[in-house]
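So the chains spell out like this:
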Amino acid sequence: MKTIVFLSGLFCVLLMPAGLLAQQPVVPRETQAVSPYQRYTTYMVTLRYGVAQPLGGLSDYIDQTGTRNFALAGEWVRPGNLSYGAQYSTNSFKKRLPRQLYTFGDGADVSAVQTRTVSIQSLVATGKYHFAGVNARTRPYVQVGLGAALVDYGLYWGNLADEANGSTVHFTAQIAAGSRFLFGREGHWGADVQAGYQYVPYARSGISTVASAGASVGLFYRWW
Amino acid sequence: MSNLNHFKSLSCRILLGIVMAGGAIGCGAPDPLRDLNATDSQVFITNRDRAADFAGYATFSIADSVNVVENDRRGYSADNFDLSLINTTAQAMTSRGYTRVTRDQKPDLGVNITYVTQTQTGVTVNPGLGGFYDPFYWGYGGAGSFYPAYYSYYQVSESYWYVELLDLKNVAQNGNKIKTVWNAQIRGGGLDRDPDRIINAVFGQSGYLRRQ
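Below you will find a few notes about this structure. (Residues numbered from 1 in each chain as written. Chains lettered and ligands numbered in written order. Predicted model: local features only at pLDDT ≥ 70, side-chain atom pairs only at ≥ 80, totals over all residues. Heavy atoms only, no water.)

Right, let's get into the overall build of chain A. The secondary structure content of chain A amounts to three helices and nine strands. Secondary structure elements in chain A, listed N-terminal to C-terminal, are α-α-β-α-β-β-β-β-β-β-β-β. Taken over 224 residues, chain A has a buried fraction of 49%. By sequence separation, contacts in chain A at least 24 residues apart represent 65% of the contacts at least 6 residues apart. (Helix = DSSP H or I, 4+ residues; strand = E, 2+ residues; numbered from the N terminus. Buried < 20%, exposed > 50% of the residue type's maximum accessible area, 1.4 Å probe, protein only. Contact = heavy atoms within 4.5 Å.)

Quick look at the structure:
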């Protein structure tokens, strides 16, 4: 919760000077009736929080819903139906197993409470296609993202870290569908609701793939 | 507006700055073990020599003090907690059918308890682990150490208890070497209390350790 408050605060602080400093294009008198959002490529940032359910090979390792997922996206919004940009997101999954006895073939037995973690930080280039005009109050979209993911694998026996723990970089692909809802017709602020799927070909430490499906809500700010 | 100017614009730089700042903040993941209590942090690891016939031993003797190993330094300790660990271990052995004798009565098994403190990080303990016992104490002063390829799965920067059973019955058959036929590592937090629970845990998961 503290993280959400902190991120939201930072988001607002960063945006304030942006609004003040953004250079206003000189709009000829005869075209002033047309919104700048319909005439120029404009800017938008979105901060999102969500939950995600592990799928595929990841769900064999951790089957618990992750509730610590955040995303921050910056976009150039074209006057038509397209927008493109970059998105940073972080997804965390964790599962604690009660004390169990693990028997190994060479005569070793280990009794421990296991803690399993997987966190994925990804940076992807995004492209969006919108199904409504740039100033529509409800603007549904589909989105694809391609980029790199830093996957951090964690296995703890009690308070001991397994030697396989560590981070590796992988390719990632994301698809999503959602809608953004503008608070005012020509306004800067709005809400964003999205459902998405993330895929990372992982194949390490007994996990074949790291995939998850999630839903998120967000707040966006747009300017020109 | 050309694309080049577009990417050089102030708004563009702000946009990229925000996403990168978000990335930097996101890197600070919370400690996954912060909600792990001391009891749950404990790990009980036992290794055995699969060739050993535990029913073939009849008697054991247990050292009257605990070895203390701190990196390269070694000593002995016999405070109240150490003595209760020794007594609990002896009771566990007795309950498995072994008879406690003094060490000059030629016991089949020697029981050795060591408190190890390793301050190096990222060092795998085995195969350097073990052999903490003193051959002279057990009456086999000339004997070397034979240590099977037991291994530990973890990295070390901690203190832990190490209990080992030494085969004193078959020193000659093992090439005049004292073989460790069973060991237990008791690791994690809260190891300075509740000796009964931690000793019974390692014996409890070693059902094969029995004279029948």
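The subject of this paragraph is the pattern of salt bridges. All names here are of chain A. Counted by the stated rule, this structure contains nine salt bridges over all chains. A salt bridge links Asp63 to Lys95; the shortest N-O distance between them is 2.8 Å. In this pair, Asp63 is assigned in the loop between helix 3 (56–61) and strand 2 (66–77) and Lys95 in strand 3 (residues 82–103), connecting sequence segments 32 residues apart. On the basis of relative accessible area, Asp63 is assigned to the partly exposed category, the value being 43%. With a shortest N-O distance of 3.7 Å, Arg185 and Glu186 are connected by a salt bridge. Overall, Glu186 belongs to the partly exposed group, its relative accessible area being 37%. (Salt bridge = Lys/Arg side-chain N within 4 Å of Asp/Glu carboxyl O.)

A word on the nonpolar core. Counting residues in hydrophobic clusters, the biggest one holds 33 residues, and the most contacted among them are B:Trp161, B:Trp182 and B:Ile186. Those elements that provide at least two residues to this core are strand 2 (59–62), helix 4 (80–95), strand 6 (109–117), strand 10 (159–167), strand 11 (177–187) and helix 5 (195–204) of chain B. The greatest single-element share of this core, amounting to six residues, is contributed by helix 4 of chain B. The residues touching B:Ile186, leaving out its near neighbours within four places in the chain, are B:Val43, B:Phe44, B:Tyr160, B:Trp161, B:Val163, B:Leu191, B:Ile198, B:Ile199 and B:Val202. Core analysis: the second largest hydrophobic core is formed by 23 residues, A:Ile120, A:Ala149, A:Leu160 and B:Val43 among them. (Core = buried A, V, L, I, M, F, W, Y, C linked by side-chain atoms within 4.5 Å.)

What follows deals with unusual backbone geometry. A positive phi angle is found at A:Ser205, which is not glycine, with a value near 50 degrees. With respect to the secondary-structure elements, A:Ser205 resides in the loop between strand 8 (189–204) and strand 9 (207–223). A positive phi angle is found at B:Lys106, which is not glycine, with a value near 55 degrees. Position of B:Lys106 relative to the elements: it lies in the loop between strand 5 (99–100) and strand 6.

Next up on the list: the side chain of A:Gln194. All names here are of chain A. Structurally, Gln194 can be placed in strand 8. Taking the relative accessible area as the measure of exposure, Gln194 reaches 10% and is therefore buried. In this structure the side chain of Gln194 is engaged in a polar contact, spanning 3.5 Å, whose partner is the side chain of Gln143. With residues up to four places along the chain from it excluded, the contact list for Gln194 reads Arg48, Tyr141, Gln143, Ala176, Ala177, Gly178, Gly214, Ala215 and Ser216. (Polar contact = N/O pair within 3.5 Å; in protein donor to acceptor, adjacent residues only side chain to side chain.)

Turning next to helix 5 of chain B. Residue pairs three or four apart in sequence face the same way in an α-helix, which turns once every 3.6 residues. Residues and elements named next belong to chain B. Listing the buried residues of helix 5 in full gives Pro195, Ile198, Ile199, Val202 and Phe203. All buried residues of helix 5 fall inside an arc of 130 degrees around its axis, so they share one side. At its buried positions, helix 5 is contacted by strand 1 (43–48), helix 4, strand 10 and strand 11. (Arc of directions from axis to C-beta.)

Right, let's talk about helix 4 of chain B for a bit. Residue and element names in this part refer to chain B. Spanning 16 residues, helix 4 covers 22 Å between terminal C-alpha atoms, matching the ideal 22 Å at 1.5 Å per step. Every buried residue belonging to helix 4 is among Phe81, Asp82, Leu85, Ile86, Thr88, Thr89, Ala90, Ala92 and Met93, and all of these are buried. Following helix 4 by one or two positions, Gly97 has its phi on the positive side, about 100 degrees. (Expected span 1.5 Å × (residues − 1).)

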